[in-house]
Amino acid sequence: MADAVQLKEDGNKYFQGGEIDKAIDSYTEALKVCKDKKVAAVIFRNRSACYLKKEKYSQAASDASNAIDVDAKDIKALYRRCQALEKLGKLDMAFKDVQRCATIEPKNKTFLETLRRLGAEIQQKLKTTFSTDSRVQNMFDILLADEPEKDKVEKAANNLIVLAREEAGAERIFQNNGVALLQQLIDTGKPEMILAAIRTLSGMCTGHKARAMAITHLVGVEKLCRIMAVDNQEIALATANLFQCVYDSLAGEDRREYGKEEAIVLDTSKDLKAILLALLEMVSSKKVSGPGRDQALNLLSKNVPRKTKKEQTNSRTLFTIDMGLRKILKVCGQVPDLPDQLPMTDNTQLIASILLNKLYDDLRCDPERDNFRDICDEYIKDKFDPNDMDKNIHAINTLSGILQGPFEVGDKLVGRQGVMEMMVALCGSEREVDQMVAVEALIHSSTKMSRASFFTTNGVSLLKEIYKKTKNEKIKIRALVGLCKLGSAGGDDYGLRQFAEGSTEKLAKQCRKWLCNPAIDARTRKWAVEGLAYLTNDADVKDDFVEDEPAMKAMFELAKSPDKTILYAVACTLVNCTNSYDKKEIIPELVQLAKFSKQHVPEQHPKDKKDFIQLRVKKLLKAGVTSALAVMVKADSTILTDQTKEMLARVFLALADDPRDRGAIVAQGGGKALIPLALEGTDAGKIKASHALAKIASISNPEMAFPGERIYEVVRPLVSLLNTERDGMQNFEALMSLTNLSGFSDKLRRKIVKEHALPDIEAYMFEEHDQIRQAATECMCNLVTCKEVQERYMQDGNDRLKLLVLLCAEDDDKLQRAASGALAMLTATHKELCLKISLVTVQYLEILQRLCLHDSLEVQHRGLVIVFNMLNADEELAKKLIESELLEILTVVGKQEDHPKRQAVIDAARACLSKAMDLGFIKPFSCGKQ
């Protein structure tokens, strides 16, 4: 029993100190050992208060109920449950609790005010409910009218979509036969009506398991698939979004508590399996349009593989491989130039390759991987037919698709007997399509250095022969890309050039020529960018490319086109041109050792030095690279892989290096484009994007760089850079950007506090590095207007206030200005802190005197404001200040003649003297005889 009481007391101390998580842990441990019901009730009540602070309202209500079960008149528990229920939207139940509180304490103003407010809210909710019902019916009447007016229809459709996004609105639509009416809208066959209905259904399914399940059964998975299969990009995308909303809700994204209804909506596995099978059927169906197939593949990519490797089972992936791997391979093997192929967009086959890669990555053991490889091997073997060339090129194209996905699998299949021979045979075919497929397969299969070296000795002559002999531009350009790829096998190592001096420049020149030729179709020009992605490893090629503005602009236009298969190649080219790839640190001692042992030492090209890189960045910015990057970031999430996102983040960071260029980046939408890159992708990519955001946010007007609600999305990436694992420059620029943001609005300051930035900012105020410490103190100076920050300074048992006082004594003017500004605001708000200043350090009087005599008028003014606040706070403290040398300083400053530049300082000193006179510590100046 003593243990439970002690743990409860520990929890109370943690709660008072603002350490809520530790308080919850202590109360939880206390409940495990507590055997006294009354003590347990108190602990439940206290833990309920913790959960309210943590915004975990369901747990808060549950704990308060446990306390009320022991004592029905526990007024604290009743009111805490009322607060939690109100946050959960259960206004009628909250009203009953506060009604009981007001009955027990009828004169309590807080209870009476809450009772009045909740009563008004309930009345408003009832009024809204009745008006919503009539509005819903009115909207459907307009939409389903025999001869509807166009303007009214558009407005009604938009209103219905907006209404469905609100919980109350979605429920009213559902209860008023809305699903049947929405199906009538779909059955009209009009695209705008179908879109309105599908988007409304998406809103109704979002985050609500019961409604999502009901709608899935009422509308039917097959019908939704038929809608997604139509040849309309917008409808396919909207239906895919609906499927995603349904899948999220059924798979557990719905966090609401159903209570007794939980059993009804518990088993969603059958519905999830039905959706998965329906999507796999769509993948290889001829009845499905290109946009519909893309969305089916996208949904599989998002929902089948595990989100994290911590998840125990990969059963969805294994099921998909068994039931659908051959269907995905069929998509990879399609050859658009042949008759009777599946309808596809330019992006379909790349999306299928990415899905293959994600499925393979999600496998946990060798037997699972062997099964994947065996299915692929068997599929390709079955397609090989000496008497049917179309089957052969389907097999080779399937192999190309695998090589662009799980390369390890494709690499093994390329090494199988007969595969390479088939590629060589196809290269010698007279049919254009055979040669194109074979050359593309050769290019994809030479991705790894080992394979590239094999082709350098065996395949270069073949590609050269095709390049010289063929008159077909499409094949010529593909053969050239193969040569480009082999020519760049040494990367940026100047000493490992594969081809003779000048050969790579000639290849690049030809690529640029094709890139700028509008007579060549976009699909073929894309291969020119592929070639440049390899060749720009060479610094001479980079320099020539950025000098060719038409070629850069042509590449940027292709990047903005609907064909998003080009994104990776464009990103590679830009990473190479900006040298934003990771560079290995060259240690001089190891270089000497390598030379002594006659090992190869990587060499840097003279044009890869910093001044050349900076010039290339300027030329890219001038050609409009930022607007191209902004469009690329908006690409479909499946095609925009995490690796591509990381490369785009690297390019943005290189572009934002010079502060003078940041305004241009913001003007072309770079600030907005960086936010998704900082929130999703690889860890390295998110760090690079966050760092680029910090560079922009540190010197830009945040409201212009990140308009609207986006400004609040920037905070989390910036706070992530405060991690001690980040380097000093990232810490410093993150602090600078947070300082800039915190100076704009109270809402932004609260967002920074909510993202748990305060402990890190406080830690950096202790930093030995002068600039980091100054930036952290400036940030804190802007944040002290927040109530939450002030409460931290009010807490006992820490050195926060002492640190601020001591920082005022440092020799750095900027640091003193920030620290004294924070103290001035804190002492103006809380009189208790004025007394606390006199207790945290014996040097406080000396520090105040230095501030009041400071050469900087701004620092001097802040020092005088602190003194004035302290004089106002406590008479005993005021007496100490006036009895010190501060009186002489105040007198000297206060007697100065009025001066516009010094007036704020003079007035502050006079205000201090006036307060001292009011307290009777000094007398007014006398003009009598001497």
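Residues numbered from 1 in each chain as written. Predicted model: local features only at pLDDT ≥ 70, side-chain atom pairs only at ≥ 80, totals over all residues. Heavy atoms only, no water.

A. Spatial organisation of the overall build of the chain. A count of helices and strands for the chain gives 54 helices and 0 strands. Overall, the chain is about 120 × 75 × 65 Å in size when its C-alpha atoms are taken along their principal axes. Residue pairs at least 24 apart in sequence account for 68% of intrachain contacts in the chain once pairs closer than 6 positions are excluded. About 45200 Å² of surface is accessible on the chain, with carbon and sulfur atoms providing 51% of the total. The averaged location of the 135 negative side-chain charges in the chain is 1 Å from the averaged location of its 135 positive side-chain charges. (Helix = DSSP H or I, 4+ residues; strand = E, 2+ residues; numbered from the N terminus. Contact = heavy atoms within 4.5 Å. Areas by Shrake-Rupley, 256 points an atom, 1.4 Å probe, with all protein chains shown as cover. Lys, Arg positive; Asp, Glu negative; His and termini not counted. Charge placed at Lys NZ, Arg CZ, Asp CG, Glu CD.)

B. Broad picture of the side chain of Glu368. Examined against the element boundaries, Glu368 turns out to sit in helix α19 (residues 366-383). Nearest to the buried, unbridged Glu368 among oppositely charged side chains is Arg364, at 4.3 Å. Here the side chain of Glu368 touches Arg364 through a polar contact of 2.8 Å, landing on its backbone nitrogen. If we ignore the near neighbours within four places in the chain, the residues touching Glu368 are Asn314, Leu318 and Leu363. (Buried < 20%, exposed > 50% of the residue type's maximum accessible area, 1.4 Å probe, protein only. Salt bridge = Lys/Arg side-chain N within 4 Å of Asp/Glu carboxyl O. Polar contact = N/O pair within 3.5 Å; in protein donor to acceptor, adjacent residues only side chain to side chain.)

C. The arrangement of the environment of Asn303 in detail. As for its position among the elements, Asn303 is in helix α16 (residues 290-303). Once the C-alpha coordinates of Asn303 and Leu276 are considered, the two residues, 27 residues apart in sequence, prove to be 9.0 Å apart. Leave out the neighbours within four places in its chain, and Asn303 touches Gln244, Tyr247, Asp248 and Arg316. Polar contacts involving the side chain of Asn303 include one to the main-chain carbonyl oxygen of Leu299, which spans 2.9 Å.

D. Region of the structure containing the packing of aromatic side chains. Per the counting criterion, the structure on display carries 2 aromatic pairs. Ring geometry for Tyr79 against Phe111: centres 5.2 Å apart, planes inclined by 50°, an arrangement best described as tilted. Placement of the pair is Tyr79 in helix α5 (residues 75-87) and Phe111 in helix α7 (residues 109-143), with a sequence separation of 32 residues. Taking the relative accessible area as the measure of exposure, Tyr79 reaches 16% and is therefore buried. Assessed through its relative accessible area of 7%, Phe111 is described here as buried. Across from the ring centre of Tyr712, 4.7 Å away, lies the NZ or CZ of Lys747, which sits over that ring. (Phe/Tyr/Trp six-rings, centres within 6.5 Å; stacked < 30°, edge-to-face > 60°. Lys NZ or Arg CZ within 6 Å of the ring centre and 35° of its normal.)

E. The arrangement of the nonpolar core in detail. Residues Phe372 and Tyr793 are the most contacted members of the largest nonpolar core, which totals 257 residues. With 10 residues, helix α14 (residues 233-253) is the largest single contributor of residues to this core. When residues no more than four places from it in sequence are discounted, the contact partners of Tyr793 are Met765, Met780, Val784, Arg800, Leu801, Leu804, Leu826, Leu833 and Lys836. Ala67, Leu85, Val98 and Ala102 belong to the second largest nonpolar core, which has 35 residues in total. (Core = buried A, V, L, I, M, F, W, Y, C linked by side-chain atoms within 4.5 Å.)

F. Representation of helix α48 (residues 813-829). End to end, α48 covers 24 Å across 17 residues, agreeing with the expected 24 Å (1.5 Å per residue, within 8%). Of all the residues in α48, the buried ones are Leu815, Gln816, Ala818, Ala819, Ser820, Gly821, Ala822, Leu823, Ala824, Leu826 and Thr827. For α48, the secondary structure elements touched by its buried residues are α45 (770-783), α46 (787-794), α47 (800-807), α49 (831-840), α50 (844-852) and α51 (857-873). Where α48 begins, one side-chain oxygen reaches toward the backbone nitrogen of Lys814, 2.9 Å away; that side chain belongs to Asp812. (Expected span 1.5 Å × (residues − 1).)

G. Spatial organisation of helix α18 (residues 348-361). An ideal rise of 1.5 Å per residue puts 20 Å on 14 residues; α18 measures up with 20 Å between its terminal C-alpha atoms. Counting buried positions along α18 yields 10 of 14 residues, so the element is predominantly enclosed. Listed as buried for α18 are Thr348, Leu350, Ile351, Ala352, Ser353, Ile354, Leu355, Leu356, Leu359 and Tyr360. The elements touched by buried residues of α18 are α16, α17 (315-332), α19, α20 (389-403) and α21 (407-414).

H. Spotlight on the side chain of Arg478. Here Arg478 lies in helix α26 (residues 473-487). Since its relative accessible area comes to 2%, Arg478 is described here as buried. There is a polar contact of 2.9 Å between the side chain of Arg478 and the backbone oxygen of Lys474. When sequence neighbours within four positions are dropped, the list of residues in contact with Arg478 reads Met436, Val439, Glu440, Ile443, Arg523, Thr524 and Trp527.

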